[in-house]
Amino acid sequence: MSAANIETVYEALALKLDTIPTKQHPLYLAKLALLLAHEIDDAPKVITQLNAAAQNLST
Amino acid sequence: MRPAGRAETESLYFSYPHFDAPQDRASLPVSAPVAIVGAGPIGMTAALGLAREGIRSVVFDTKATFNDGSRAICIARQSFHILNQIGAIAPFMEKALGWTTGRSFYRGRQILEFHMPDSPAEKFRPMYNLQQQYIEQFLWQAVQNEPLIDLRWQSTITDVADVGNGVTLTVTDPSGSYPFTADWVLAADGARSPLRKIRGLRLKGENYEGRYVIADVQMPHDYPTIRRALFDPDCRRGGTILIHKQPDNIWRIDYQLRDDEDETEALREETVRASVAAVLAEIDYDGPWDLEWWSVYSANTLALDDYRDGRIFFIGDSAHIVPIFGVRGLNNGLADAHNIAWKLGWVLRGDAPVTLLDSYSPERRGATLDVFANASKSARFMTPPTAGWQLMRDAALNLALDHPFAGQLANPRQMTPYTYADSPLVTNDEGSWSKTAPLPGAALPDAILETGHLSDHLGQGFTLLTFDPELAKSVGHLPIGTLTLPADSPAAQVLGATARSAFLIRPDSHIAARWSQATPSQIEAAFTKSIGGPRP
C-alpha cells in the first residue's frame, strides 16, 4: 500500500473513531480486526500482525 | 429446588416411584463378578452392557428413587446407538424429541442457524431431548427385565477394602451393614463420588467463573425442538440464556447470573419467577406457565488423572465433570459405561487377557480431554472468563448481525464421538484411503443397507466387515462375526472401501483396524491387539 493510501486509511479511521463514543472504541476496533482478518484470509499473516501491534505498548 | 408447598419429588409431570431396600436378607447374594455403585444412567447402562456380555452384576444406590430435578437433557446420536445395543431403546424412541437445528440470537436478532449433520443414512437423529428422570426410568425398566442384574436401593457403600483378587464393599441399608465382594467394581456414583473420596482420589482441572440458574417451566409454548441461545438479551444485559424443549411441555431455561448477582437472592422463588417471566417476554410467550424446578450451576472441567484404581473403575461424573455447553456430561459417561462393559465381559468370560482392562483409562480419559478442549471453547464463548475473551466475544456477536461468518464463532460444536486414535488396542494403518474414510479408532459411521442400517447388522462381539466373501471365510477360526457387503453398496462408499478392503469392528462399534488390502494374518494380529494381547 502506498504512503498516500495508508494516510487515507489512517485519517478515515481517526475520523470514524471520533464519531464513536470512546467507551466503544475497543469493541469497534475488535470488530474491525475480525473483518480485516476475514478479508485477508490468511491466519498466520494476521497472527504475525496482531503480535507486531502488541510491541512498544508500555508508556 | 421446588416452589413453596411442593415436596422434593412432587413434580408437575413425573411420578417418582419409591423403592424399598432389599427385604429378604438370608437369600441375598453377597458376591458378584461386578459390583456397580450408583443406579443413575451410567451405572444402569454399565449393568445392561455387562448383561449383554452374559455377566451378572449387583447395582447399589443410596437413594429410594430416581434423581430429581433438571439434569442431563440432551442425548447424542452415538448414545442412542449405545441404548440400542443394550436393548433399551424402544421407550426412548417413543418419548424423546429429536432435533438437528440450533438458533443463536444477539440482542433479539438471529445471528446463526446451525444444522447438525443428518441424513436418511443415519438410523438416529443427531440429538434428542429427554429429561433425566425418563432416561433413568427407561433404563430401570430394562434392568427390571434382566435377570443378570440385581439392583439394591437404599444401599450405601460405607467402606471399601482390597482383598486378594477382588474388592469387599461394606453395604449399609436400613436393616444394617453387610460385606459384599466383587471381582471388579464400577464407581458410577456421580460428581460427588463417595467411592472417590474413600479412595482418597481427587478431580483436577479448572473452574469457570460463570454461574447459571437452571429452571424447568411447564407451558404450552408453540415452538419446534430447536435449541435457542440468546446473547445479551434485553431481559438480561450482558448475560446468556439457553432454551431447550423437552417432552411433556417442559421447557428448560438456563440463564446466566451477572458477577454482582447474589446467589442466595437469585435462587429465591420470587426472583426465579421474575427472571423466568422476563425470559418468556423476551421470546414473545404470553401464555400461562408453571414453575417445575430450579437450581444453580457453574462450569467446570475436572477429571481424575487415572480412571482406574486397582480393581475399581470410575465411570461417568465420578471420573470427570464437564461444562453443560455442548451436552457432553451424560453422553461421555454413557460411552465410559459402554467401553468398560464389553472389556469386563471379555475378560470375565476368559475370552481376553486381563491386560484388555488397561485400555479403559487411556481411551476414555483421552475422550474426556477432547471434550474439555471443545467444551472449554464453548464455555469461553458462553461465559467469557477475562476482558480479552469478553471483548472478542462481543465483537464477534456484534459483527454477526451483518456478517454471517462471525456468527459461526457462536456455533456450539455439539458432541461428536471420539476417535481412539492413540489407543493401545487400535492398529494404525498404512495404505491409501480417501480423506473422508473413517480412521482407525473412530466410531463406525452408519449407512443404509438393503434391509435397515449398517448399525443393525453388526454382531454382538467383534465383526469383520468385508466386501469379499473369501476373506470372510478365511477368519472362521477366530471368535469374530463377519458381515460381507457388496463393494458397490452405499456402505462401501461411506467407508471409502473397495473390493479388498476390510474393517475390524469392536463390540462398541469403534473401528479396531482397517485395511485397503486385508490378509488373514493381518486380521488375526489386529484382533489379538484389540483384545489386549493373546487369548488366555
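A. Region of interest: the overall build of chain B. Within chain B, the regular secondary structure consists of 14 helices and 23 strands. Relative to its length of 536 residues, chain B is compact, with a C-alpha radius of gyration of 24 Å against a globular reference of 24 Å. Counting over 536 residues, chain B shows a buried share of 47%. Counting only contacts in chain B whose residues sit at least 6 apart along the sequence, the fraction spanning at least 24 positions is 71%.

B. Focus on the overall build of chain A. Check the secondary structure of chain A and you find three helices and zero strands. For chain A, the succession of helices and strands along the chain, N to C, is α-α-α. A globule of 59 residues ought to have a C-alpha radius of gyration of about 10 Å, yet chain A, at 13 Å, is considerably larger. Taken along the three principal axes of its C-alpha coordinates, chain A extends 30 × 25 × 25 Å. Counting the 59 residues in chain A, one finds 3% classified as buried.

C. View of the interface of chain B and chain A. In this complex, chain B contributes nine residues to the contact, which on the side of chain A involves seven residues. Listing elements by their share of the side of chain B that touches chain A, those giving two or more residues are α10 (387-400) and α11 (404-407) of chain B. The element contributing the most residues to the side of chain B that touches chain A is α10 of chain B, with seven residues. Here the residues of the side of chain B that touches chain A sort into seven nonpolar, one polar and one charged.

D. Quick peek at the sheet that holds strand β22 (residues 502-505) of chain B. All names here are of chain B. Taking strand neighbours across the sheet as the criterion, the four strands line up as β21-β20-β22-β23 in an open arrangement whose pairing is mixed. With partners counted over all chains shown, the strands left at the sheet margins are β21 (481-484) and β23 (511-515), one partner each. For this sheet, the mean angle separating the axes of adjacent strands, direction not counted, is 15°. The pairing of strand β20 (residues 463-466) with β21 spans four bridges and is classified as parallel. Looking at β21, one finds that L465 is bridged to L483. Strands in contact with helix α14 (residues 520-530) are β20, β22 and β23; relative to β22, the strand with the most contacts, it is inclined by about 20°.

E. Summary view of the confidence of the model for chain B. Residue-level pLDDT values for chain B average 93, and 99% of them are 70 or greater. Interface scoring of the predicted complex returns ipTM 0.96; its pTM is 0.93.

F. Looking closely at the packing of helix α1 (residues 41-52) of chain B against helix α4 (residues 132-144) of chain B. Residue and element names in this part refer to chain B. α4 packs onto α1 with a crossing angle of 25° between their chain directions and a minimal axis gap of 10 Å. On the basis of the axis angle, α1 is roughly parallel to α4. The two elements α1 and α4 meet at a crossing, and its hand is left-handed. Residues P41, M44, T45, A47 and L48 of α1 form the contact with α4, whose own contacting residues are Q132, I135, E136, L139, W140, A142 and V143. When grouped by side-chain class, the residues that make up the contact of α1 with α4 number nine nonpolar, two polar and one charged.

G. Structural detail: the sheet that holds strand β3 (residues 74-76) of chain B. All names here are of chain B. Spatially, the three strands line up as an open sheet ordered β3-β7-β4, and their pairing is antiparallel. Of all strands in the sheet, those bounded by a partner on one side alone are β3 and β4 (97-99). With direction set aside, neighbouring strand axes in the sheet form an average angle of 30°. Where β3 meets strand β7 (residues 127-129), three bridges bridge the pair, whose relative direction is antiparallel. For I75, the partnering residue across the bridge sits in β7 and is Y128. Contacts from helix α2 (residues 77-85) reach β3 and β7 within the one sheet, and its direction differs from that of β3 by about 80°.

H. Highlighting the pairing of strand β2 (residues 57-60) of chain B. Residues and elements named next belong to chain B. Burial along β2 is two-sided: the face carrying S57 and V59 and the face carrying V58 and F60 are both buried. In terms of strand pairing, strand β1 (residues 31-37) meets β2 through four bridges, oriented parallel. Bridge assignment links V34 to a residue of β2, and that residue is S57. Regarding the hand of the β-α-β motif, the stretch spanning β1, α1 and β2 is right-handed.

I. Summary view of the nonpolar core. Residues and elements named next belong to chain B. Within the largest apolar cluster, 157 residues are counted, with the highest numbers of intra-cluster contacts made by A35, A46, L186 and I315. Counting the residues that make up this core, at least three belong to each of domain 1 (25-95 + 126-203 + 303-370) and domain 2 (419-536). Sequence-distant contacts of A35, defined by excluding residues within four places in its chain, comprise S57, V58, F60, L169, F180, A182 and V185.

J. View of the packing of helix α8 (residues 329-348) of chain B against helix α9 (residues 360-382) of chain B. Residue and element names in this part refer to chain B. Remark: α8 packs on α9, axes separated minimally by 10 Å, with the N-to-C direction vectors making an angle of 170°. On the basis of the axis angle, α8 is roughly antiparallel to α9. Crossing angle aside, the handedness with which α8 passes α9 is right-handed. Across from N332, A335, D336, N339, I340 and K343 in α8, the residues of α9 making contact are Y360, E363, R364, A367, T368 and V371. The residue inventory of the contact of α8 with α9, partitioned by class, reads five nonpolar, three polar and four charged.

K. View of the pairing of strand β14 (residues 240-246) of chain B. Residue and element names in this part refer to chain B. Judged by how many residues are buried, β14 sits mostly within the fold: six of seven residues are covered. With four bridges connecting them, strand β13 (residues 227-231) and β14 associate as antiparallel partners. In the strand pairing of β14, L230 is matched with I241. Across six bridges, the pairing between β14 and strand β15 (residues 250-256) is antiparallel. Each bridged residue has a counterpart across the sheet, and for I241 the counterpart in β15 is Y255. Between β14 and β15, which follow one another and run antiparallel, lie three residues, and D248 among them has a positive phi close to 65°.

L. The arrangement of unusual backbone geometry in detail. A positive phi angle, close to 60°, is found at N56 of chain A, a residue other than glycine. Locating N56 of chain A in the fold gives a position in the segment after α3 (43-52). Even without being glycine, D248 of chain B reaches a positive phi, approximately 65°. Along the chain, D248 of chain B turns up in the loop between β14 and β15.

Conventions adopted
- Residues numbered from 1 in each chain as written.
- Chains lettered and ligands numbered in written order.
- Predicted model: local features only at pLDDT ≥ 70, side-chain atom pairs only at ≥ 80, totals over all residues.
- Helix = DSSP H or I, 4+ residues; strand = E, 2+ residues; numbered from the N terminus.
- Rg over C-alpha atoms; globule rule 2.2 N^0.38 Å.
- Buried ≥ 20, exposed ≤ 12 C-beta atoms within 10 Å, placed from the backbone.
- Contact = placed C-beta atoms within 7 Å.
- Nonpolar A, V, L, I, M, F, W, Y, C, P; charged D, E, K, R; others polar.
- Pairing = 2+ DSSP bridges.
- Axes fitted to C-alpha atoms, helices over the stretch in contact; angles between N-to-C directions.
- pLDDT = per-residue confidence, 0-100.
- Parallel < 35°, antiparallel > 145°, perpendicular 65-115°, else oblique.
- Left-handed = near helix turned anticlockwise from the far one by under 90°.
- Right-handed = clockwise from strand over helix to strand, strands pointing away.
- Core = buried A, V, L, I, M, F, W, Y, C linked by C-beta atoms within 7 Å.
- Domains from an automatic or database assignment.

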